[in-house]
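Structure assessment
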Amino acid sequence: HAPLVVCAVVLVLAFIAVIMLVAELFENILRSLSSKAGPASGKVKSLLEDPEKKIDIEIRKLPKITMDEVLKHDQEKDCWVVIHGVVYDVTDFLLFHPGGKVMLLKHCGTDGSHAFDGINANTGHPKVIR
């Protein structure tokens, strides 16, 4: 039975290592998305770096983007989504979205607030998007 116990311990440790790597990857993705230069991204700082109050101030400093402009970004290679009045360039996040890229692609070039709230309102994810 000793070899089984050793195998179980090794599997648990490997599982923990994988979880830590995925968390680090997700953190890097969020930082990458928040550091991109462009009208739809890069000015909203990640919660990993800033308190929520500072983020709200940064959001208010974002340039105003009309829905006519957002409508132009409705493709997989250029996907912007509006969530609660803030425009997000989610192009580089499509493959990493926990719900799959199809969920985001449905809302490229549109206001996805209603869909976002329907899925994420009770999960704490509204803070993750920032």
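Refer to the structure presented above.
What this report covers is the structure whose coordinates are included nearby. (Residues numbered from 1 in each chain as written. Predicted model: local features only at pLDDT ≥ 70, side-chain atom pairs only at ≥ 80, totals over all residues. Heavy atoms only, no water.)

1. Quick notes on the overall build of the protein
Convention followed: Here a helix means four or more residues in a row that DSSP labels H or I, a strand means two or more in a row labelled E, and each is numbered from the N terminus. Categorising residues by exposure relies on relative accessible area from a 1.4 Å probe, with only protein chains included: less than 20% of the type maximum marks a residue as buried, more than 50% marks it as exposed, and the intermediate range marks it as partly exposed. A contact between two residues is defined here by any heavy atoms of the two lying within 4.5 Å.
From N to C terminus, the protein includes 6 helices and 4 strands. Of the regular secondary structure in the protein, the N- to C-terminal order runs α-α-α-β-β-β-α-β-α-α. For the protein, with 130 residues in total, the buried portion stands at 26%. Residue pairs in contact within the protein that sit at least 24 positions apart in sequence constitute 50% of those at least 6 positions apart.

2. Considering a nonpolar patch on the surface
Definition in use: Any residue with relative accessible area above 30% and no salt bridge may belong to a patch, with like charges joined within 9 Å and the nonpolar Val, Leu, Ile, Met, Phe, Trp and Tyr side chains within 5 Å. Areas reported as accessible are Shrake-Rupley estimates using a 1.4 Å probe. Residue values count occlusion only from the protein chains shown. The term salt bridge refers to a side-chain nitrogen of Lys or Arg lying within 4 Å of a carboxyl oxygen of Asp or Glu.
A contiguous nonpolar surface patch, about 780 Å² in accessible area, is contributed by V5, V9, V12, L13, F15, I16, I19 and M20. Take I19: it is sitting in helix α1 (residues 2-35). Overall, I19 belongs to the partly exposed group, its relative accessible area being 43%.

3. Some points on the pairing of strand β2 (residues 78-83)
As a reminder, the rule being used: Each pair of strands is called paired provided DSSP finds at least two bridges between the two strands.
Of all 6 residues in β2, 5 are buried; the element is thus mostly enclosed. In this structure, strand β1 (residues 74-75) lies alongside β2, joined through 2 bridges in antiparallel fashion. Paired with D74 across the bridge in β2 is C79. Where β1 hands over to β2, the hairpin turn is made up of 2 residues, counted between the paired strands. Where β2 lies against strand β3 (residues 86-89), 4 bridges are found, and the strand directions are antiparallel.

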